[in-house]
Amino acid sequence: MFVALSLDNKGNPRFLKMKTTKDIRQRSVRAFAQAYFSKASVVLSDGYRSYAPALSDFEHHPHNYNPLNGMLRWLHIVISNAKAFIQGTYHGLPVKYLDSYLDEFCFRFSRRSFAATLFQRFSLAVAWSSAD
């Protein structure tokens, strides 16, 4: 599975994308990055060998993974939360639906701080759809 988590300037999580994959070869990593990262993205990753050539179009900072330095702390937390969400809510989830449930989790996660503007966003969406 590919997991991309954007962080704000303080290092707190903002937006999340998860996608299942059959492999983590360079072409798969490149396809995921091109589909979900902006060209201005700064990518922090562990030092897996497929990442460097696949992420050559981005500013990429690979580091050897050390569980004690907290490098991937937020990434591990959101993966753990996604597992709990899926296992706790959807017992016996078939693999063919996994991407849909991950999309739902990511949608909710990425919009968790929109509560204050929810009415405005809803009103805009209704007005926008009424214009068509």
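This text follows the structure it describes.
Below is a short write-up of the structure. (Residues numbered from 1 in each chain as written. Predicted model: local features only at pLDDT ≥ 70, side-chain atom pairs only at ≥ 80, totals over all residues. Heavy atoms only, no water.)

1. What about the side chain of S45?
Phase 1: Structurally, the position occupied by S45 is in strand β3 (residues 42-46).
Phase 2: We classify S45 as buried; its relative accessible area is 8%.
Phase 3: Here H60 takes part through its side chain, which lies 2.6 Å from a polar atom of the side chain of S45.
Phase 4: With residues near it in sequence (within four places) discarded, S45 still touches Y51, H60, H61, P62, H63 and M71. (Helix = DSSP H or I, 4+ residues; strand = E, 2+ residues; numbered from the N terminus. Buried < 20%, exposed > 50% of the residue type's maximum accessible area, 1.4 Å probe, protein only. Polar contact = N/O pair within 3.5 Å; in protein donor to acceptor, adjacent residues only side chain to side chain. Contact = heavy atoms within 4.5 Å.)

2. Digging into the pattern of salt bridges
Phase 1: By the definition in use, this model includes four salt bridges.
Phase 2: Residue R108 is joined to E104 by a salt bridge in which the shortest nitrogen-to-oxygen separation is 2.8 Å. With R108 and E104 both in helix α4 (residues 98-110) and four residues apart, this pair spans about one turn of that helix. (Salt bridge = Lys/Arg side-chain N within 4 Å of Asp/Glu carboxyl O.)

3. As for the layout of surface pockets
Phase 1: As a volume, the largest pocket reaches approximately 1200 Å³.
Phase 2: Forming the walls of the largest pocket are 35 residues, and the residues nearest its centre are V3, A4, L5, L44 and L75.
Phase 3: Within the residue set of the lining of the largest pocket, elements represented by two or more residues are β1 (2-7), β2 (13-19), α1 (26-36), β3 and α3 (73-89).
Phase 4: Here the lining of the largest pocket is built from residues that sort into 24 nonpolar, eight polar and three charged. (1 Å grid on protein atoms, 1.4 Å probe; cavity = no way out; pocket = protein on both sides within 12 Å on 5 of 7 lines; lining within 4 Å. Points joined across faces, edges and corners; volume = space filled by probe spheres on them. Nonpolar A, V, L, I, M, F, W, Y, C, P; charged D, E, K, R; others polar.)

4. Side note on the packing of aromatic side chains
Here the distance between the centres and the angle between the planes together describe a pair of aromatic rings.
Phase 1: A complete count under the given rule lists seven aromatic pairs for this structure.
Phase 2: Ring plane angle 25° and centroid distance 5.0 Å describe the contact between F2 and F32, whose orientation is recorded as stacked. Separated by 30 residues along the polypeptide, F2 in strand β1 and F32 in helix α1 bring together distant segments of the chain.
Phase 3: We classify F2 as buried; its relative accessible area is 8%.
Phase 4: On the basis of an interplanar angle of 25° and a centroid distance of 6.4 Å, the ring pair of F105 and F109 is categorised as stacked. One end of the pair, F105, and the other, F109, are both in helix α4, four residues apart, so they sit about a helical turn from each other.
Phase 5: A relative accessible area of 11% means that F109 is categorised as buried. (Phe/Tyr/Trp six-rings, centres within 6.5 Å; stacked < 30°, edge-to-face > 60°.)

So far we have only geometry, and geometry alone does not tell us how the molecule works.
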